[in-house]
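# A look at the structure
Here's the letter readout for the chains.
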Amino acid sequence: MVVGFAIVAAWEIVTAAGVVGFRKPIYNALSLVANMLGLAVLFLMLNAQFLFAAQLIVYAGAVMVLFVFIIALINPESDVALPRRGTEWIYGAVFGVIFAALLVTLLFNRGLTGRPGTLTPEAIAAVGNVQTVGVALYTKFLFPVEVTSLLLLIAAVGAVYLAMRRVR
Amino acid sequence: MDTLALLVLLTPLAGFIVNALFGRLLPRRIVGWIGAGSIGLAFVLALLALSQVLGGHRLDQTYFTWWQSADFNVPFNLYLDQLSTLMILVITGVGFLIHVYSIGYMREDPGYSRFFAYMNLFVFTMLLLVLSGNLLWLIIGWAGVGLSSYLLIGFWFERTSAVFAARKAFVMNTIGDVGMVFAAFLIFLNLRVLDYQGLFSRVHQLPKGGGVITAICLLLLLGAVAKSAQLPLHTWLPDAMEGPTPVSALIHAATMVTAGVYLVARMHLLYDWAPTAAATVAVIGGVTALYAATIGTAQIDIKRILAYSTMSQIGYMFLAVGIGAYTAGMFHFMTHAFFKALLFLAAGNVIHAFHEDQDIRHMGNLRAGLPITFWTFLIGTLSISGFPLLAGFFSKDEIIRGALSAAGGEYVLGILALITAGLTAFYMFRLFIVAFGWEWLAHDDRHLHEALPVQTIPIVILAAGAVVGGYIPVASFLSPVFGQPAEVGTLAFWGLAGLTLAASAVGFAVAYVLYARRPELAVAWRTRLGPIFTLVEHKYYVDELYDRVFVRPCLALARFLNDIVEPRVIDGAVNGIADFFLLEAREFRLIQTGRVSSYALWTLGGAIGIVLVVAGFLGYLPVRLGG
Amino acid sequence: MPVPAYSFLLLSGVLFTMGAVGFLIRRNPLVVFMCIELMLNAVNLAFVAISRYLNSLDGVIFAFLVITVAAAEVVVGIAIIVQVYRAGRPMDVDDLDLMKE
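Residues numbered from 1 in each chain as written. Chains lettered and ligands numbered in written order. Predicted model: local features only at pLDDT ≥ 70, side-chain atom pairs only at ≥ 80, totals over all residues.

### Points about the overall build of chain A
Operational definition: To qualify as a helix, a DSSP run of H or I must reach at least 4 residues; to qualify as a strand, a run of E must reach at least 2; elements of each kind are numbered from the N terminus. Exposure classification rests on a simple neighbour count of other C-beta atoms within 10 Å of a residue's own: a residue reaching 20 or more is buried, one at 12 or fewer is exposed, and one in between is partly exposed. C-beta atoms are placed from the backbone. Remark: residues whose backbone-derived C-beta atoms lie within 7 Å of one another are considered to be in contact.
Counting its secondary structure elements, chain A contains seven helices and zero strands. Going from N to C terminus, chain A has its helices and strands arranged as α-α-α-α-α-α-α. Across the 168 residues in chain A, those meeting the buried criterion constitute 23%. Across chain A, contacts joining residues at least 24 apart in sequence account for 50% of those joining residues at least 6 apart.

### Observations regarding the overall build of chain B
The secondary structure content of chain B amounts to 24 helices and two strands. Counting across all 627 residues of chain B, residues that qualify as buried make up 51%. Here the analysis covers contacts within chain B between residues at least 6 apart in sequence; of these, 79% occur between residues at least 24 apart.

### Some words on helix 19 (residues 453-468) of chain B
Residue and element names in this part refer to chain B. Worth spelling out the cut-off: Residue count minus one, scaled by 1.5 Å, sets the expected span of a helix.
Relative to the 22 Å expected for 16 residues at 1.5 Å per residue, helix 19 spans 22 Å between its end C-alpha atoms, a close match to the ideal helical length. Looking only at helix 19, the buried set comprises Gln455, Thr456, Pro458, Ile459, Leu462, Ala463, Gly465, Ala466 and Val467. Elements in contact with the buried residues of helix 19: helix 3 (82-105), helix 15 (326-353), helix 16 (371-385) and helix 17 (391-404).

### Comments concerning the nonpolar core
Stated formally: Put simply, a nonpolar core is buried Ala, Val, Leu, Ile, Met, Phe, Trp, Tyr and Cys residues tied into one set by C-beta atoms within 7 Å.
Ranked by size, the top nonpolar core spans 204 residues in total, and within it B:Leu127, B:Leu319, B:Ala341, B:Leu342 and B:Ala417 carry the most contacts. Setting aside its immediate chain neighbours within four residues, B:Ala341 contacts B:Val94, B:Ile98, B:Ala249, B:Ala253, B:Ala254 and B:Leu462. Core analysis: the next-biggest nonpolar cluster, separate from the first, contains 70 residues, A:Phe95, C:Ala42, C:Ala63 and C:Val75 among them.

### Points about the packing of helix 4 (residues 112-131) of chain B against helix 5 (residues 135-153) of chain B
Residues and elements named next belong to chain B. Inclusion rule: A fitted line through C-alpha atoms serves as each axis, taken over the contacting stretch for helices, and the angle formed by two N-to-C directions is quoted from 0 to 180°. To sort the angles, those under 35 degrees are grouped as roughly parallel, those over 145 as roughly antiparallel, those from 65 to 115 as roughly perpendicular, and the leftovers as oblique. Crossings are classed by handedness, with left-handed meaning an anticlockwise turn of the near helix from the far one by less than a right angle and right-handed meaning a clockwise turn. Ten residues, namely Ala, Val, Leu, Ile, Met, Phe, Trp, Tyr, Cys and Pro, are considered nonpolar, four, namely Asp, Glu, Lys and Arg, are considered charged, and the remaining ones, Gly among them, are considered polar.
Put simply, helix 4 and helix 5 touch, their axes get as near as 7 Å, and they point 160 degrees apart. The angle between helix 4 and helix 5 places the two elements in the roughly antiparallel class. Note on packing geometry: the crossing formed by helix 4 with helix 5 is left-handed. Between helix 4 and helix 5, the contacting residues are Tyr118, Leu121, Phe122, Thr125, Met126, Leu128 and Leu129 on the first element and Trp137, Leu138, Ile140, Gly141, Trp142, Gly144, Val145, Ser148, Leu151 and Leu152 on the second. In terms of residue class, the contact of helix 4 with helix 5 is made up of 13 nonpolar, four polar and no charged.

### Describing the interface of chain A and chain C
Listed by partner, the interface residues are 75 residues for chain A and 64 residues for chain C. Contributions of two or more residues to the side of chain A that touches chain C are made by helix 1 (2-21), helix 2 (25-45), helix 3 (49-74), helix 4 (88-108), helix 6 (129-138) and helix 7 (142-164) of chain A. The element contributing the most residues to the side of chain A that touches chain C is helix 3 of chain A, with 12 residues. Tallied by class, residues from the side of chain A that touches chain C come to 54 nonpolar, 14 polar and seven charged.

### Examining the pairing of strand 2 (residues 72-80) of chain B
Regular strands place their side chains on alternate faces of the sheet. The condition that has to hold: We treat two strands as partners when DSSP finds at least two bridges between them.
Relative to strand 2 of chain B, strand 1 (residues 59-69) of chain B runs antiparallel, the two being bridged by nine bridges. Note on strand 2 of chain B: the bridge partner recorded for B:Gln61 is B:Leu78.

### A word on the confidence of the model for chain B
What counts is decided by this rule: Scored from 0 to 100, pLDDT records how confident the predictor is in each individual residue.
When pLDDT is averaged along chain B, the result is 84; 96% of the residues meet or exceed 70. Predicted confidence in chain B is weakest over helix 22 (residues 519-537) of chain B, with a mean pLDDT of 75, and strongest over helix 5 of chain B, with 92.

### Thoughts on helix 5 of chain B
Here helix 5 of chain B spans 26 Å end to end across 19 residues, near enough to the 27 Å set by a 1.5 Å rise per residue. Within helix 5 of chain B, 14 of the 19 residues are buried, which leaves the element mostly enclosed by the surrounding structure.

### Concerning unusual backbone geometry
With an omega of -10 degrees, the peptide bond between B:Leu231 and B:Pro232 qualifies as cis. With respect to the element layout, B:Pro232 can be found in the loop between helix 8 (211-227) and helix 9 (236-239).

### Observations concerning the packing of helix 14 (residues 302-322) of chain B against helix 17 of chain B
Residues and elements named next belong to chain B. Put simply, helix 14 and helix 17 touch, their axes get as near as 10 Å, and they point 40 degrees apart. Taken together, the axis directions place helix 14 and helix 17 in an arrangement best described as oblique. In the crossing of helix 14 with helix 17, the sense of the turn from one axis to the other is left-handed. Contact residues: Tyr316, Leu319 and Ala320 in helix 14; Lys396, Ile399, Gly402 and Ala403 in helix 17. Per-class residue counts for the contact of helix 14 with helix 17 are five nonpolar, one polar and one charged.

### Some thoughts on the environment of C:Asp92
Residues and elements named next belong to chain C. Residue position: Asp92 is located in the segment after helix 3 (58-86). Residue Asp92 is classed as partly exposed on the basis of its C-beta count, with 17 C-beta atoms lying within 10 Å. Once the C-alpha coordinates of Asp92 and Leu30 are considered, the two residues, 62 residues apart in sequence, prove to be 9.5 Å apart.

Below you can see the structure in the form of structure tokens.
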């Protein structure tokens, strides 16, 4: 188990570096797809089977496909060729350092301080992961679900509107 | 009886409202008769109240609770006893006559309706002051008469001198008002009541002669001194002569300026309980009386002489109530109202005849031209000088008797009063002789004509009052309130009366010699007395002193505040705050670069900040944040 | 569970940092978007990890909602970027500063 985690973690970090680092956008996109696949595996390790499927279908399967299509359509150039303005990368470096520091503090606070709930993996397995998630979605989290659906509607309308605008 | 009191109060108010709102639209006759009639009606009602009071009824009636919070309970109540009955009779009676006179006197003035409106307002507020049953409403009436006085002094508002005079009067009155209000504070603080009933019953809880009660009485005295133009807050009264003559007669002779005397008399239980304060009252009265009388001898404006005379006579009243002779003081108030109003109104006739010239040196020999005015003014002069058997004789004598026969050091004041009596006779006869003349001109080219009957009849009535007023049994009338006045032995009685008479006679004689017989002696004496004369003539330079000490520094301060503090400090602070925000906004605006990356930067920075803060609260940081 | 919770959290943090750095540095809007997606994913990982270790499903649900919202956001963002492209402007976030004060 630990070994599996180590492998997947390494995969994650490498692909993330790829997302950030590649020059050609198409490579960035493909790296992101790989990253998401790794993430799905992690979800599986964390006993979130429903999310594993959702991640693959929605995120990797739909969102990233959209990304790839657009990149193929637009074929933008790499931005690394553009003259770089000197200062921004310093900020990035600084923030990187700060975040690293935060992460290090995380190393020294290893416990989770939240209150444990009742749904142990066994309890969930008894009912079924999807069923449990579904029940929670439609009872405890009903309001967020409704709001999110509204948000999707708005996004769809917005996207259509934006696409239909005549470009001056 | 309670409705009666209320109606007495409200009829002048009704007159004011009608004349104020509709006066411009109504014909002059109606305005005048509404103005005078409302006061006349009030007088009739006051007479009815008198009949009730004589029958032994008193009134302390609460009509409604005006202000109540915790134990601060101020009702609107009216208090009608012998003292207030006397006051309202004089106010409405003399007031009515003066209003009638004004119908004639002010007939050519464009502000006719405004005049009557203000006059009615004055009577209303004066009655409110006198009828009030608690200190707070008295103060309200007090402020009201101050307002009316301001409006009426500055009646001819196009005249700068009138406006300044009105302002001066108001400012000095306000000083007194502050005293009154603080006295009310002290009273409520210590006794938790402001109405007379409660106040009078609880006064004895305070230590006699103690600091608290003395402070209260002195603060009230401050108000009285300002309102009654006694030293040191007296300088506004001569200036107040800028107002029309009926105003001077009503407000600055007969009634408003006597409000201070009324106040002390009404609060007599308090002053009995604070001997130091009462002594202060008497001393101020005595000194003012003498002071004003000396100034009066050197003035040449007919109204100013009468103004200083008023100041002096009120000094007598203050003296009386200060030494505890309340009845004597109120008696003199009544007789003074008669002859002073008479003198002013008659003077008004003279002023009109000389087309608003008030310099007595330009007058003289008026017996033929203004006969009624001449004889009535003479009666008034005789009365105020203490001519035997006229009203002034009785009332003045009573005060002097009270002072000289008292146990303690009051006799000094009595001597001052005697000297003042002599001076009074002197300056009044000086005035009469110079202004009205002793000769009978064979033939007068000046085309003077006597005033209208509507003006002369009230004067005649007042003259009658000045003659027989002394026989009104004021002392026994007021005895339920103040107790019986102290008796003196017959020898002392007649002896003191003789002394008073002698003083007046001396004054008259000197005036007669200097002005009627040998005018050149008057001139000689003036040059002899040189600097003293100038001092007196300039009112002891008090106005100049006040100007230097108070007015100029105050103006300088005002200028400083206006020119420096206001633009730099206050505006600076306000603008500074605005500028600060503007500056900040300008700086922060630069964050809006429009570039996603810089926005991202700021967002990230903020996120880190939040994480740090939360971590701090949760205790993850070395620094202790929150609880 | 042999793998301790903090490892997942640490991984999540590292991924998030990398996404943030890329987001700040890169100038191609599409790449910037992808970095945003990376950050969101990292957060999802953290949610799910904590949810698992605290025996609850709340984190999972939340991650699911995050996915949904991310999808919506991508749609609108892509539409904007396409419009920018069609307008002929350079695909450079530093140049797209029309919302500048």
